[in-house]
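Residue strings, one per chain:
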Amino acid sequence: MMAADRTVHAVPPSLSAKVVGSFAYLTVRDRLPTILTKVIDTIHRNKNKFFEEYGEEGIRAEKQTIGLLSKMRNELQTDKPVLELADELQDTASWNQYLQRQQDLQGDQDSVSWFKSPWLYVECYMYRRVQEALWLNPPISDYDVFNEGKTQSFFESQQAMMTLCTYSEGVNKNIEELSRNQLLEHFNKLLQVSLWGNKCDLSISAGQDNSQKTSPIDSLNSLQPFILVNDSNMVWAALTAAQRPGQTEKTSAVRVDIVLDNSGFELFTDLVLADFLVSSRLAHEVHFHGKCFPWFVSDVTANDFQWTIRQTMAANHKWMSKSGVQWKSHLKEGVWSYHDHPFWTQPHEFCDMEADAPDLYATLQGADLVLFKGDLNYRKLTGDREWAHTVGFNTALRGFGPAPLCSLRTLKANVQVGLQPGQGEALGSQDPDWMTSGKYAVIQFSSAESEQKD
Ligand SMILES: O=P(O)(O)OC[C@H]1O[C@](O)(CO)[C@@H](O)[C@@H]1O
Ligand SMILES: [Mn+2]
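Throughout, a residue's number is its position along its own chain's written sequence, starting from 1. Both sets of labels track the order of writing: A upward for chains, 1 upward for ligands. Selection of residues for local features in this predicted model requires a pLDDT of at least 70, selection of side-chain atom pairs for listing and counting requires 80 or more, and totals for whole chains, interfaces and linings are taken over all residues. The basis for every side-chain value is the complete set of heavy atoms in the structure, and neither hydrogens nor water enter the calculation.

1. Here we look at the packing of helix α4 (residues 56-77) against helix α6 (residues 119-135)
The test is simple: Note on geometry: axes are C-alpha line fits, over the in-contact stretch for helices, and angles between N-to-C directions span 0 to 180 degrees. Only runs of H or I of at least four residues qualify as helices and only runs of E of at least two qualify as strands under DSSP, and these elements are numbered from the N terminus. Note on angle classes: values under 35 degrees are labelled roughly parallel, values over 145 roughly antiparallel, values of 65 to 115 roughly perpendicular, and the remainder oblique. The hand of a helix crossing depends on one turn: near helix anticlockwise from the far one by less than a right angle means left-handed, and clockwise means right-handed. Two residues qualify as a contact provided that any one of their heavy atoms is within 4.5 Å of a heavy atom in the partner residue. Amino acids outside the nonpolar list (Ala, Val, Leu, Ile, Met, Phe, Trp, Tyr, Cys, Pro) and the charged list (Asp, Glu, Lys, Arg) are all regarded as polar, and Gly is one of them.
At their nearest, the axes of α4 and α6 sit 8 Å apart, and the two run at 155° to each other. Here α4 lies roughly antiparallel to α6, going by the angle between them. Judged by the twist between their axes, the crossing of α4 over α6 is right-handed. Counting all contacts with α4, which are made through T65, L68, L69, K71, M72, E75 and L76, the residues of α6 involved are M126, R129, V130, A133 and L134. Tallied by class, the residues present in the contact of α4 with α6 amount to 8 nonpolar, 1 polar and 3 charged.

Here's what the structure looks like:
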């Protein structure tokens, strides 16, 4: 079925900085060097801390790391070839093989450079090189250069978090008595809160404050017109179908996986949604998937995940700290679990997952629904390619479908599929930045059943 689909649609080229003036070009030319400069500043500002912790060794590591990062920034800005990684970590060989793959595709070694290669590849590679620079300098290997921004964005969104926990408390209080329709209403609201939580990443703003300041529930109505595709009814149908034994192959607990994106307010909204899913028994288990190392400025690592739960428990607000305690107990009971896998911090399109990370693919197959948060996940779902806007989401997925899945994404990169004829053109004439401003969003669903439709 998917094979037939694939032969009809030729796969378009990857977005790339080689298209001068494109969003990819502007990102590689402007945003990535700005992010690197901030990383360098952060390391330099923490020089005294490294000295206090590691003495002269810490100072030496700080200098060498900055040297490596400045060298990389220069390679980027002068469009030098992408280099092999020199550290020896669990994913090093796989990154170097991926480079080889790009070299084979592009014909020669030198053409795999910062501006001439796929944008998705070089942008991911930059974050991996930041890690390499740290890892090559042992005393500061584990230092999270993005930690300050992530914690700050958490604290700046606290008001909105309290509002959300007060709402949650209202729902949880009489959750047993809620009708199916009331549950559906809360589900839709919390799904949308989690969707708009994705506005709050720190990568698109090159690390500038981007926290949530208004009430997340009250804003939903006015945001509705900005949801360009809303498949939430299909998400609900997938969840409720999984409840009925006999309707699916498995009769065991309903499991929802959330492939996390950003720390701060977005993660908070994901936890609130996950809490609702298990409290309402729409799901019995939630598996969270985060990153193995700091990634795209604000993405969630295991540390961020644990830290967020601890901070929530410690909040000076009755319902917020109650939520934190509840979340902690979900983890303790195994109702929630946190997972990471090196594939999430590699540059692959998700259609490669089955071949390149079969263990992760098999893990996701155990879910009844997988929610993919955020823009980067959308780029990986669709391969970050120059698809026409009217191409179906299933076509762009190119066979990726370990389980029913849904992308919750605010648009911050110029790839968008699954629109109605003329919709993209109309948006483009009204609002030229519609694909990159984070103002618009999609709730886009795909499952084996929906595959036949595009
Ligand atoms: O956190 P998100 O939603 O994945 O957004 C990150 C996005 O920001 C950007 O860094 C902006 O260039 C994109 O590359 C990336 O897709
Ligand atoms: Mn992110």
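After presenting the structure, the write-up continues.
2. Let's talk about the sheet that holds strand β2 (residues 255-259)
Convention followed: A pair of strands is treated as paired once DSSP finds two or more bridges between them.
The 7 strands lie next to each other as β1-β7-β6-β5-β2-β3-β4, forming an open sheet whose pairing is mixed. In the strand order of this sheet, the two ends are held by β1 (227-230) and β4 (336-340), each with one partner. Shown here is a sheet whose adjacent strand axes are inclined to one another by a mean of 15°, direction ignored. Sheet topology places strand β6 (residues 405-410) next to strand β7 (residues 441-446); 6 bridges connect them, and they run antiparallel.

3. Things to note about the coordination of the manganese ion (ligand 2)
To be explicit about the condition: Excluding water, the donors of a metal are its N, O and S neighbours within 2.8 Å, or within 3.2 Å for Na, K and Ca, and that exclusion means sites may look incomplete. Categorising residues by exposure relies on relative accessible area from a 1.4 Å probe, with only protein chains included: less than 20% of the type maximum marks a residue as buried, more than 50% marks it as exposed, and the intermediate range marks it as partly exposed.
All of the protein donors around the manganese ion (ligand 2) are D261 (OD), N262 (OD1) and D299 (OD); their distances to the metal are 2.1 to 2.3 Å. Every donor residue of the manganese ion (ligand 2) comes from the same chain, spaced as D-N-x36-D. Of this pair, N262 sits in the loop between β2 and α12 (265-279) while D299 sits in the loop between β3 (285-290) and α13 (302-313); the two residues are 37 residues apart in sequence, bridging distant segments of the chain. By the burial criterion, N262 is buried, and D299 matches it.

4. A closer look at the side chain of H186
Structurally, the position occupied by H186 is in helix α9 (residues 180-197). In this structure H186 comes out as buried when scored by relative accessible area, which is 16%.

5. Focus: the confidence of the model for the protein
Filter applied, for reference: The predictor attaches a confidence to each residue, and that confidence, scored 0 to 100, is pLDDT.
Summarising the model, the protein shows a mean pLDDT of 93, and 92% of its residues fall at 70 or more. Taken together, the stretch residues 1-7 has pLDDT below 50 and engages in 12 contacts with residues farther than four places along the chain or on a different chain. Interface predicted TM-score (ipTM) for the complex: 0.96; the corresponding pTM is 0.95.

6. Re the packing of aromatic side chains
Counted only if it meets this: Aromatic contacts are taken between Phe, Tyr and Trp rings whose centres are within 6.5 Å, Trp giving its six-membered ring; a plane angle under 30 degrees counts as stacked, one over 60 as edge-to-face, and the others as tilted. Two conditions define a charge located above a ring, namely a distance within 6 Å from the ring centre to NZ of Lys or CZ of Arg, and an angle within 35 degrees of the ring normal.
Taken as a whole, this structure holds 32 aromatic pairs when the rule is applied. Geometrically, the ring pair formed by W295 and F296 is tilted, given 5.2 Å between the ring centres and 55° between the ring planes. F296 matches W295 in its accessibility class, with the two residues each being buried. Here a set of aromatic residues connected by ring pairs shows up, and it is made of Y127, W135, F146, F293, W295 and F296. Residue placement shows R379 over the ring face of W119; its charged tip is 3.5 Å from the ring centre.

7. What about the environment of V325?
As for its placement among the helices and strands, V325 is situated in helix α14 (residues 318-333). With 13 residues separating them in the primary sequence, V325 and T312 have C-alpha atoms 8.0 Å apart.

8. Notes on α13
Using the following cut-off: Multiplying 1.5 Å by the residue count of a helix minus one yields the expected span of that helix.
Here α13 is 12 residues long and its end C-alpha atoms lie 17 Å apart, about the 16 Å a rise of 1.5 Å per residue gives. Taken together, the buried positions of α13 are occupied by D304, F305, W307, T308, I309 and T312. Tucked into the core, α13 has its buried residues touching α7 (147-156), α12, β3, α14 and β4.

9. With respect to the packing of α7 against α13
Where α7 meets α13, the axes come as close as 12 Å, and the angle between the chain directions of the two elements is 30°. In terms of their interaxial angle, α7 and α13 are classed as roughly parallel. Crossing of α7 against α13: the hand is right-handed. Here N147, K150, T151, F154 and F155 of α7 lie close against α13, whose contacting residues are D304, W307, T308, Q311 and T312.

10. What about the pairing of strand β5 (residues 369-373)?
Taking burial as the measure, the 5 residues of β5 include 5 buried ones, the bulk of the element. A two-sided burial pattern is seen for β5, the buried positions comprising L369, L371 and K373 on one face and V370 and F372 on the other. Note that β2 and β5 share 4 bridges and pair parallel. Residue pairing across strands places V256 opposite L369, the latter belonging to β5. When β5 meets β6, the two strands line up parallel, connected through 4 bridges. Counterpart to V370 in the pairing with β6 is L405.

11. So, the pattern of salt bridges
Oppositely charged side chains can pair when the atoms bearing their charge come close. Put simply, the rule reads: Take a side-chain nitrogen of Lys or Arg and a carboxyl oxygen of Asp or Glu: if they are within 4 Å of each other, that pair is a salt bridge.
Taken as a whole, this structure holds 26 salt bridges when the rule is applied. With a closest N to O distance of 3.0 Å, R128 and D91 form a salt bridge. Taken together, the residues R128 in helix α6 and D91 in the loop between α4 and α5 (92-106) connect sequence positions 37 residues apart. Using a relative accessible area of 5% as the deciding quantity, one classes D91 as buried. The network of salt bridges with shared partners includes K71, E75, R129 and E132.

12. Side note on unusual backbone geometry
A positive phi angle is found at D79, which is not glycine, with a value near 50°. In this fold, D79 is placed in the loop between α4 and α5. In this structure, F296 is a non-glycine residue whose phi angle is positive, near 45°. Here F296 lies in the loop between β3 and α13.

13. Remarks on the domain arrangement of the protein
Just so we agree on the cut-off: Each domain's extent was defined by an automatic or database domain assignment. The buried area of a pairing is the accessible area, by a 1.4 Å probe, that goes missing from both parts when the two are put together, added over both. Under this definition, polar contacts are N or O atom pairs within 3.5 Å; protein pairs additionally need one hydrogen-donor-capable and one acceptor-capable atom, and for neighbouring residues in sequence, both atoms have to be side-chain atoms.
Assigned domains of the protein: these are domain 1 (23-135) and domain 2 (147-452). At the interface, 23 residues of domain 1 touch 26 residues of domain 2. The largest per-residue losses of area from domain 1 upon contact with domain 2 belong to F23, L120 and Y127, which jointly make up 29% of the total buried on that side. Our count for the contact surface shared by domain 1 and domain 2 stands at 4 salt bridges. With a shortest N-O distance of 2.8 Å, R379 and E123 are connected by a salt bridge. Joining domain 1 to domain 2, the criterion identifies 6 residue pairs in polar contact (both at pLDDT 80 or more). Broken down by secondary-structure element, the contributors of at least two residues to the side of domain 1 that touches domain 2 are α2 (23-45), α5 and α6. Looking at which element gives the most residues to the side of domain 1 that touches domain 2, the answer is α6, with 9 residues.

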